[in-house]
Amino acid sequence: MLLTKITFFERFEHDILSGTKTITLRDETESHVIAGQTLPVSTFETDRWFCDIHIIDVVPILFSDLSDQHAKQENMSLSELRRVINEIYPGLEQLFQIQFCVVREK
Ligand SMILES: CC(=O)Nc1cc[nH]c(=O)n1
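Looking at an unreviewed UniProt entry, one finds the chain named N(4)-acetylcytidine amidohydrolase, with Shewanella oncorhynchi as its source organism. Quoted verbatim from the Function (unreviewed entry) field of UniProt, the annotation for the chain is "Catalyzes the hydrolysis of N(4)-acetylcytidine (ac4C)." Taken from UniProt, the Sequence similarities (unreviewed entry) comment for the chain reads in full: "Belongs to the N(4)-acetylcytidine amidohydrolase family."

Written out as structure tokens, the structure is:
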């Protein structure tokens, strides 16, 4: 079943809107989006809409294969990215990289 919306933590909002965060790493349950899809984006905390994103690509990626390139696309250092992802998805190895661009914002 394709997702019809996606949420991000409020702390990522600025980076998404400024274009410095261009990927999100999700677990399998949140990976059901496809290239070409446009999705409304809301905050996880209060469900406040703040933009629409266009999905460019979705590819599987292992936690152990995360690289500086992924970190750059998340606007983080690699150690920060590993810490953040391990906090959101403790111990999870199989992730999905969703690449996106903002097409409409508040
Ligand atoms: C709400 C939520 O899970 N947000 C996430 C999770 C992983 N990456 C990300 O950018 N945002």
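We are not done yet, so read on.
**Student:** Would you mind showing me how to read helix 3 (residues 78-88) here?
**Tutor:** Every buried residue of helix 3 is accounted for by Leu 81, Val 84 and Ile 85. Along the axis of helix 3, the buried positions cluster into a sector of 95 degrees, meaning they face one direction only. For helix 3, the exposed residues lying more than 90 degrees away from the buried face are Ser 79 and Glu 87. Considering only its buried residues, helix 3 is in contact with strand 2 (23-26), helix 2 (68-73) and strand 5 (94-105).

**Student:** Mind showing me how you'd approach the packing of aromatic side chains here?
**Tutor:** The description of two aromatic rings rests on the distance between their centres and on the angle between their planes. Using the criterion set out here, one finds three aromatic pairs in the structure. Ring geometry for Phe 8 against Phe 100: centres 5.8 Å apart, planes inclined by 55 degrees, an arrangement best described as tilted. Here Phe 8 is found in strand 1 (residues 6-8), whereas its partner Phe 100 is found in strand 5, with 92 residues between them in sequence. Accessibility expressed as a relative area gives 2% for Phe 8, which makes it buried. Its relative accessible area of 3% is what places Phe 100 among the buried residues. Through a chain of ring-to-ring contacts, the aromatic side chains of Phe 9, Phe 12 and Phe 44 assemble into a single cluster. The ring of Phe 8 carries Arg 26 above its face, with NZ or CZ at 4.7 Å from the centroid. Over the ring of Phe 63 we find Arg 82; its NZ or CZ atom is 5.2 Å from the centre of that ring.

**Student:** So what exactly am I meant to see when it comes to the site of the ligand here?
**Tutor:** Around the ligand, the surrounding shell consists of Thr 7, Phe 8, Phe 9, Phe 12, Lys 21, Thr 24, Leu 25, Arg 26, Phe 44, Ile 88 and Tyr 89. Thr 24 places a polar side-chain atom, nitrogen or oxygen, 2.9 Å from an oxygen atom of the ligand. At a separation of 3.1 Å, a nitrogen atom of the ligand approaches a polar side-chain atom of Arg 26. Protein contact buries 96% of the 300 Å² of open area that the ligand shows by itself. Elements supplying a minimum of two residues to the shell around the ligand: strand 1 and strand 2. The element that contributes the greatest number of residues to the shell around the ligand is strand 2, accounting for three residues. For the shell around the ligand, a count of residues per class yields seven nonpolar, two polar and two charged.

Rules of the game
Residues numbered from 1 in each chain as written. Predicted model: local features only at pLDDT ≥ 70, side-chain atom pairs only at ≥ 80, totals over all residues. Heavy atoms only, no water. UniProt positions renumbered as here; feature names shortened; annotations may be inferred. Buried < 20%, exposed > 50% of the residue type's maximum accessible area, 1.4 Å probe, protein only. Helix = DSSP H or I, 4+ residues; strand = E, 2+ residues; numbered from the N terminus. Arc of directions from axis to C-beta. Contact = heavy atoms within 4.5 Å. Phe/Tyr/Trp six-rings, centres within 6.5 Å; stacked < 30°, edge-to-face > 60°. Lys NZ or Arg CZ within 6 Å of the ring centre and 35° of its normal. Near = heavy atom within 4 Å. Polar contact = N/O pair within 3.5 Å; in protein donor to acceptor, adjacent residues only side chain to side chain. Areas by Shrake-Rupley, 256 points an atom, 1.4 Å probe, with all protein chains shown as cover. Nonpolar A, V, L, I, M, F, W, Y, C, P; charged D, E, K, R; others polar.

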